[in-house]
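Take a look at the letters that make up each chain.
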Amino acid sequence: MTSTFLPDKRTGPGVDLPPPSAAAARGRARRRVFHWLTAVGFQLPALVLFIVLVLLPILFALYAAFFRWGGFGMPSDYIGTENFTRAFDDPVFLGDLWRCLVLVVLSLALQLPFALAMAVLLNQRFRGRAVYRMLFFAPYVLSEAITGVLFSMIFAPGDGLADQILGSVGLDGIGGEWFADPSMVMATLFLVMTWKYFGFHMMLYLAGLQSIPKELTEAALIDGANAWQRFRSVTLPLLAPTLRISVFLSVIGAIQLFDLVWVVTQGGPDHHSETMAVTMFQFGFKRYQVGYASAISVVMFGISLVFALAYQRFVLRRDLEGATTTMRGGGK
């Protein structure tokens, strides 16, 4: 029986193929140019928006930080690094840095573990868990302005819901001026932040938990591991990439915290709840010291950038390398 697939006599050893024609080469060049222009066309709108709304404001803020400028006209009174020196000599701004660190530590030590515990609980099978998930995630959907107004009424001195509940159980001495007492304002503010944002991290952890193969936990159960051992040795290591992303978002959010604080306390009493963003807003839009406010914004940007680069370099490196390897492997 003869084969229907015969070798091409034109492609044997020692037989040279004719060079591609000039028309074919021009056609391939036109296709490459067309593909390149198509890619540029799709990316150009986003690139223009990024340059106009992100890159140019950052560069202009860096430029204005070296001037004594009230926000009208173009900056002309050059003062060098005086605004930066003023910022790091200002007790209010140094207090902002300290309060930022306190919020970061409290978020990592209390808010995220609480969100993880709720995610592990709501990952179990029981009646009504979808309702609980919705209820716990609902505060994150509310805007910061609505949340601030709501808790301003809840923690209103005397007739607020919090004081009424404490008074009904005989603990009226604990309540009082929640946002007006310098010793209580940060704790109360952190309580509001936890109520507002823990649902977002809880949903992140739930997504990560549901991506863990059940076979692994079942195998650990067969091997005799108890619930804590299964969580520590199986669940937690596999959830580590999600935890690292959650920590990153929490720290960046604490550095840039503004709207919730502004609605609830406006930085009071006596700057005890002020953040870097609130101080920047106060000087930029209330006192018209835009040059100094620009210096504060540059410091905020620098802190966020250094943290992001260091976190990516030392913490997210393994996750990013794994993603790159997977993408390369998928393209083969």
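Overview of the structure. For clarity, every value in this text was computed on a predicted model and none was experimentally measured. (Residues numbered from 1 in each chain as written. Predicted model: local features only at pLDDT ≥ 70, side-chain atom pairs only at ≥ 80, totals over all residues. Heavy atoms only, no water.)

**Some details on the overall build of the protein chain**
Working step 1: In terms of regular secondary structure, the protein chain is built from 13 helices and zero strands.
Working step 2: Counting across all 332 residues of the protein chain, residues that qualify as buried make up 33%.
Working step 3: Considering only contacts in the protein chain between residues 6 or more positions apart, those separated by 24 or more positions represent 64%.
Working step 4: When the accessible area of the protein chain is evaluated, it comes to approximately 20,900 Å², of which 68% is carbon and sulfur surface. (Helix = DSSP H or I, 4+ residues; strand = E, 2+ residues; numbered from the N terminus. Buried < 20%, exposed > 50% of the residue type's maximum accessible area, 1.4 Å probe, protein only. Contact = heavy atoms within 4.5 Å. Areas by Shrake-Rupley, 256 points an atom, 1.4 Å probe, with all protein chains shown as cover.)

**Some points on the packing of aromatic side chains**
Working step 1: Considering all chains together, one arrives at 27 aromatic pairs under this definition.
Working step 2: Look at Phe-72 and Tyr-288: their rings are 6.0 Å apart centre to centre, the planes differ by 35°, and that puts the pair in the tilted class. Here Tyr-288 lies in the loop between α11 (276-286) and α12 (290-314) and Phe-72 lies in the loop between α1 (22-64) and α2 (82-89), a separation of 216 residues in the sequence.
Working step 3: Both rings, one in Phe-307 and one in Tyr-311, keep their centres 5.3 Å apart while their planes meet at 35°; by these two values the pair is tilted. Within this pair, Phe-307 and its partner Tyr-311 are both found in helix α12, separated by four residues, close to a single helical turn. (Phe/Tyr/Trp six-rings, centres within 6.5 Å; stacked < 30°, edge-to-face > 60°.)

**Here we look at unusual backbone geometry**
Working step 1: Following Gly-268, the chain continues to Pro-269 via a peptide bond in cis, the omega torsion being -5°.
Working step 2: Considering the arrangement of structural elements, one finds Pro-269 in the loop between α10 (259-264) and α11.
Working step 3: The phi dihedral of Gln-266 falls on the positive side, at around 55°, and the residue is not glycine.
Working step 4: A positive phi angle, close to 70°, is found at His-271, a residue other than glycine.
Working step 5: Residue position: His-271 is located in the loop between α10 and α11.
Working step 6: For His-271, a relative accessible area of 29% corresponds to the partly exposed category.

**Description of the environment of Ala-293**
Working step 1: On the secondary structure map, Ala-293 appears in helix α12.
Working step 2: By relative accessible area, Ala-293 is classed as buried at 5%.
Working step 3: Separated by 11 residues in the primary sequence, Ala-293 and Gln-282 place their C-alpha atoms 8.2 Å from one another.
Working step 4: Here Ala-293 is in contact with Met-280, Phe-283 and Gly-284, once residues within four sequence places are set aside.

**A few points about the packing of α2 against α12**
Working step 1: Across the interface, α2 lies against α12 with an axial gap of 9 Å and an inter-helix angle of 70°. Comparing their axes, α12 and α2 come out roughly perpendicular. Within the contact between the two elements, α2 uses Asn-83, Phe-84, Arg-86, Ala-87 and Phe-88 and α12 uses Gly-291, Tyr-292, Ala-295, Val-298 and Val-299. (Axes fitted to C-alpha atoms, helices over the stretch in contact; angles between N-to-C directions. Parallel < 35°, antiparallel > 145°, perpendicular 65-115°, else oblique.)

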